[in-house]
Protein chains: 2
Amino acid sequence: MKVVDIHTHVYPPSYVSLLRSRQTVPYIRTFPDAPDSSRLIILPGEDDPSTPSTSRGRPVGPDYWDISKKIAFMDQHGIDKSVISLANPWLDFIAPEEAGEAARKINDEVNEICANSSGRLYAFAALPLSAKAEVVVKEVERLGSLKYIRGIIMGTSGLGQGLDDPALDPIYAALEKNRQLIFLHPHYGLPSSVYGPRANEYGHVLPLALGFPLETTIAVTRMLLSGVWDRFKGLDVLIAHSGGTLPFLAGRIESCIAHDVHLKKHGKIEGRRPVWDILKKNIYLDAVIYNEVGLNAAIEASGADRLMFGTDHPFFPPLEGEGSEWLSVNTNYAAIKAASGGKEAMADGILGGNAIRVLRLD
Amino acid sequence: MKVVDIHTHVYPPSYVSLLRSRQTVPYIRTFPDAPDSSRLIILPGEDDPSTPSTSRGRPVGPDYWDISKKIAFMDQHGIDKSVISLANPWLDFIAPEEAGEAARKINDEVNEICANSSGRLYAFAALPLSAKAEVVVKEVERLGSLKYIRGIIMGTSGLGQGLDDPALDPIYAALEKNRQLIFLHPHYGLPSSVYGPRANEYGHVLPLALGFPLETTIAVTRMLLSGVWDRFKGLDVLIAHSGGTLPFLAGRIESCIAHDVHLKKHGKIEGRRPVWDILKKNIYLDAVIYNEVGLNAAIEASGADRLMFGTDHPFFPPLEGEGSEWLSVNTNYAAIKAASGGKEAMADGILGGNAIRVLRLD
């Protein structure tokens, strides 16, 4: 039995240099009122001057870019292989004319990291989504030449208009044709107004615990409603954080579609593929949900053979006890154990077997 | 075995008159390009001139105010008793100086409707939340004199600043002391920007299927984080739509709290009640989730003895076949049957037994 972590991020050295050279989100900086740590600011608004220094971004260190730290983390937590991915916000913020070159460079760099890992690492590539669709398609086609790439990681903004944008169709077509899975990951969250005037008192909890999965759910539902999976029946998407909240809300989504006068009038209710069919044939879910209640729902929605273990490393480190095992990782291990309820084959599949099969790992 | 519907709305005649007299959301009007039906506009933005007439609000008719229609609906669907509630947006939009009187009038009117129902109807009252907290507290205390009132229905805005507003404390205290349960129901949804530029093509699906439960989840999480249930350990809240997405996300919420540097620094991690404890001791969930995957998660999170059947009548009527049974209702019946898996006592509890016990129905 092998353990595979499919949700684990890396900031390669060239990307860290880029972030250090910037003055607006995303960037890395040391603030005068928190001089002891270099802070990584990636979420919109988390550098608001009214934000307390302890919730302004997050401390950033070698765990983010030093591959020997990644391997040590894997060894400590019994992880055999990891499928690394550039962390958010990926290349979304790169100037359009530089994005194609930036993507080639970072994907080559990540592939090289994997090549030097003695078989421990594979990767999801990043796409130059700020450029034109044809530049993106070209990079998708080039990925086949990179030995360790097993799909691409992507946020929810697409080419800037969301994942229901028809301009994405050539990119979806290229991904489907080249059997490159999309690892769909949140970044932009929700407008901060929804968290109310006391949000700062709660640290990062609201944007991380809710903003991320809610953003994900909206993005996937827009894909569903625009018929992406009716047009691209072989397009595979691995959704972060066990689907945001899709497994829980799929019934309500189906019911709202079935009762919508506007969709009915435009002939959009019959003929489309139901959410449940897409969940079982196109969608994979990571097992990053921190409790068996959510994990059970994810398993019931997509099937135990479509769930894959992940850690979200280097995020959610333990608050104390440098060097100790990570609570966030062990919470997900415990959830998988509880959800499998003694069915060893199910647990083995979620922990690694499914990833090895689906992502064609050696 | 009795079937009790705890999620079913009424617009009493006086409230309908009020809506007909208004020109801004919420209101009732017949539009020139949809002359055949009176439309009810309650959601922000759903009267945008660019909105197609078929998704501008919803047709409104006697099902919304005629109690004989409610009783006929109950008879048709095997419902013995209903706990009716004023539909959103309740009294949130009433001028502050008129709210206290409006609440007394509407609660008396609703109580009278129940008194004339031969034991079929009970009700959740509405609160004058646009007024000062003391006016609200006074109405909470008066509700004990209304024989058929079994709690209050409330949106997510509270006194205008959300449910984590410390100004609500006297109201929470009064509700706890008077054993009046809060039926927490969404209305405001999310800012329309999150649905992207093609949202109008999808009818009401995004705001109804996602906006409502996501709004609910944010509101409840803000209550949790502000310590409402640490201060009011006996405050009971029945959450609409099976908790929004709370059962699915509770693990992630707990994990994000446990890993938050800011909360740690301010001593807010230890000592607080975990989400799971509150889910099992203070929170009740309706069973309005339209599939057993979500319902199973709700049951696992709160316990089968805390789930209660609901219909959301008069919303989600069948699109065709006037007079036929409602698909939305039968979908929820089927989900309860599937989730109970032959355990009759569990199904009976969710269908009615829990509501009879918790709401002290005769």
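Every value quoted in this text rests on a predicted model; they were computed, and no experiment measured them. (Residues numbered from 1 in each chain as written. Chains lettered and ligands numbered in written order. Predicted model: local features only at pLDDT ≥ 70, side-chain atom pairs only at ≥ 80, totals over all residues. Heavy atoms only, no water.)

Trainee: Whenever I open this one, the overall build of chain A confuses me. Can you help?
Mentor: Within chain A, the regular secondary structure consists of 14 helices and 11 strands. With the C-alpha coordinates aligned to their principal axes, the bounding extent of chain A is approximately 60 × 45 × 45 Å. The buried share among the 362 residues of chain A stands at 64%. Across chain A, the fraction of contacts at a sequence separation of at least 24, relative to all contacts at a separation of at least 6, is 71%. As displayed, chain A offers around 12700 Å² of accessible surface, 53% of which is attributable to carbon and sulfur atoms. Taken as two groups, the 37 positive and 43 negative side-chain charges of chain A have centres that lie 5 Å from each other. (Helix = DSSP H or I, 4+ residues; strand = E, 2+ residues; numbered from the N terminus. Buried < 20%, exposed > 50% of the residue type's maximum accessible area, 1.4 Å probe, protein only. Contact = heavy atoms within 4.5 Å. Areas by Shrake-Rupley, 256 points an atom, 1.4 Å probe, with all protein chains shown as cover. Lys, Arg positive; Asp, Glu negative; His and termini not counted. Charge placed at Lys NZ, Arg CZ, Asp CG, Glu CD.)

Trainee: Please clarify how the environment of A:R150 should be interpreted in this entry.
Mentor: All names here are of chain A. Mapped onto the fold, R150 is located in strand β7 (residues 149-154). Between the alpha carbons of R150 and F124 there is a distance of 5.5 Å; along the sequence they are 26 residues apart. Those residues in contact with R150 that sit more than four places away from it in its chain are Y122, A123, F124, Q180, L181, L359, R360 and L361. At a separation of 2.8 Å, a polar atom in the side chain of R150 contacts the main-chain carbonyl oxygen of L359. (Polar contact = N/O pair within 3.5 Å; in protein donor to acceptor, adjacent residues only side chain to side chain.)

Trainee: Sorry if this is basic, but what is going on with the sheet that holds strand β2 (residues 27-30) of chain B here?
Mentor: Hydrogen bonds between backbone atoms are what pair the strands of a sheet, whose relative direction is either parallel or antiparallel. Residue and element names in this part refer to chain B. Here we have three strands laid out as an open sheet, ordered β2-β3-β4, and antiparallel in their pairing. This sheet does not close on itself; its edge strands, each paired only once, are β2 and β4 (58-59). Pairing analysis gives four bridges linking β2 to strand β3 (residues 38-41), with the strands arranged antiparallel. Following the sheet pairing, T30 is matched in β3 by S38. Sheet strands touched by helix α1 (residues 13-20): β2 and β3. Its angle to β2, the strand with the most contacts, is close to 65°. (Pairing = 2+ DSSP bridges. Axes fitted to C-alpha atoms, helices over the stretch in contact; angles between N-to-C directions.)

Trainee: Teacher, can you tell me more about the interface of chain B and chain A here?
Mentor: Put simply, an interface is often sized by how much accessible area is lost when its parts join up. The interface is formed by 77 residues belonging to chain B together with 77 residues belonging to chain A. Overall, the association of chain B and chain A removes approximately 6500 Å² of surface from exposure, summing both partners, and the carbon and sulfur fraction of that is 68%. If you look at where chain B meets chain A, you find four salt bridges. Residue B:D164 is joined to A:R198 by a salt bridge in which the shortest nitrogen-to-oxygen separation is 2.8 Å. Linking chain B to chain A there are 20 residue pairs in polar contact (both at pLDDT 80 or more). Going through the elements one at a time, α6 (205-225), α8 (246-258), α9 (261-265), α11 (292-302) and α12 (327-340) of chain B are the ones with two or more residues in the side of chain B that touches chain A. Considering every element that reaches the side of chain B that touches chain A, the biggest residue donor is α6(B), with 13 residues. Taken together, the residues of the side of chain B that touches chain A sort by class into 40 nonpolar, 24 polar and 13 charged. (Buried area = accessible area lost by both parts, 1.4 Å probe. Salt bridge = Lys/Arg side-chain N within 4 Å of Asp/Glu carboxyl O. Nonpolar A, V, L, I, M, F, W, Y, C, P; charged D, E, K, R; others polar.)

Trainee: Quick question: what am I supposed to make of the packing of helix α6 (residues 205-225) of chain A against helix α9 (residues 246-258) of chain A here?
Mentor: The description of two helices packed together rests on the angle between their axes and the distance between the axes. Residue and element names in this part refer to chain A. It is at 12 Å that the axes of α6 and α9 come closest, and there the two elements cross at 40°. In terms of orientation, α6 and α9 fall into the oblique class. As for the relative orientation of α6 and α9, their crossing is right-handed in sense. Taking contact as the criterion, the partners of T217, V220, T221, L224 and L225 in α6 are, on α9, L246, L249, I253 and I257. (Parallel < 35°, antiparallel > 145°, perpendicular 65-115°, else oblique. Left-handed = near helix turned anticlockwise from the far one by under 90°.)

Trainee: Explanation requested: helix α3 (residues 96-115) of chain B in the structure shown.
Mentor: Counting along an α-helix, one turn takes 3.6 residues, and residues three or four places apart therefore face a common direction. Residues and elements named next belong to chain B. End to end, α3 covers 29 Å across 20 residues, agreeing with the expected 28 Å (1.5 Å per residue, within 8%). Along its length, α3 shows its largest kink, about 25°, at A102. The complete set of buried residues in α3 reads A99, G100, A103, I106, N107, V110, N111, I113 and C114. Buried positions along α3 lie against α1, α2 (67-76), β5 (81-86), β6 (121-126), α4 (133-142) and β7 (149-154). (Expected span 1.5 Å × (residues − 1). Bend = angle between axes of the 7 residues up to and from the residue.)

Trainee: Can you walk me through the packing of aromatic side chains in this structure?
Mentor: Any aromatic ring pair is given by two values, namely how distant the centres are and how the planes are angled relative to each other. Taken as a whole, this structure holds 20 aromatic pairs over all chains when the rule is applied. Between the aromatic rings of B:Y122 and B:Y148, the centroid separation amounts to 5.8 Å while the plane-to-plane angle is 55°, which identifies the pairing as tilted. Linking B:Y122 in strand β6 with B:Y148 in the loop between α4 and β7, this pair joins segments that are 26 residues apart in sequence. On the basis of relative accessible area, B:Y122 is assigned to the buried category, the value being 3%. A relative accessible area of 16% means that B:Y148 is categorised as buried. Taken together, the aromatic side chains of A:Y11, A:Y15, A:Y64, A:F93 and A:F315 make up a single cluster linked through ring pairs. Across from the ring centre of A:Y284, 4.1 Å away, lies the NZ or CZ of A:R306, which sits over that ring. (Phe/Tyr/Trp six-rings, centres within 6.5 Å; stacked < 30°, edge-to-face > 60°. Lys NZ or Arg CZ within 6 Å of the ring centre and 35° of its normal.)

Trainee: Mind showing me how you'd approach the relation of the copies chain B and chain A here?
Mentor: Note on the chain copies: they are related by a rotation about an axis and a translation along it. Expressed as a screw operation, the relation of chain B to chain A combines 0.0 Å of axial shift with a rotation of 180°, fitting to an RMSD of 0.0 Å. The operation mapping one copy onto its partner corresponds to a two-fold rotation axis. Of all interface residues in chain B, 100% are interface residues in chain A too; the two copies therefore contact each other through one and the same surface. (Least-squares fit on C-alpha atoms with pLDDT ≥ 70 in both.)

Trainee: Would you mind showing me how to read the pattern of salt bridges here?
Mentor: Oppositely charged side chains may form a pair once their charged atoms are brought near each other. For the coordinates displayed, the defined rule picks out 22 salt bridges over all chains. The salt bridge involving B:R222 is made with B:D164; its shortest N-O contact spans 2.9 Å. Taken together, the positions of B:R222 in helix α6 and B:D164 in the loop between β7 and α5 (169-177) put the pair 58 residues apart, joining distant regions of the chain. Residue B:R222 shares its accessibility class with B:D164, and that shared class is buried. One network of salt bridges, in which partners are shared, links A:D108, A:E139 and A:R142.

Trainee: I keep staring at the sheet that holds β5(B) and nothing clicks. Help me out?
Mentor: All names here are of chain B. If you trace the eight strands from one edge of the open sheet to the other, you get β1-β5-β6-β7-β8-β9-β10-β11, paired in parallel fashion. Strands with a single pairing partner mark the edges of an open sheet, and in this sheet they are β1 (4-10) and β11 (307-308). Sheet topology places strand β8 (residues 182-184) next to strand β9 (residues 237-239); three bridges connect them, and they run parallel. Within β9, the residue paired with I182 across the bridge is V237. Along the sheet, α2 makes contact with β1, β5 and β6, crossing β1 at roughly 150°.

Trainee: Explain the side chain of B:T245 to me, please; I cannot follow it from the model alone.
Mentor: Mapped onto the elements of the fold, B:T245 is located in the loop between β9 and α8. In this structure B:T245 comes out as buried when scored by relative accessible area, which is 0%.

In short, shape yes, function no, at least from these values alone.
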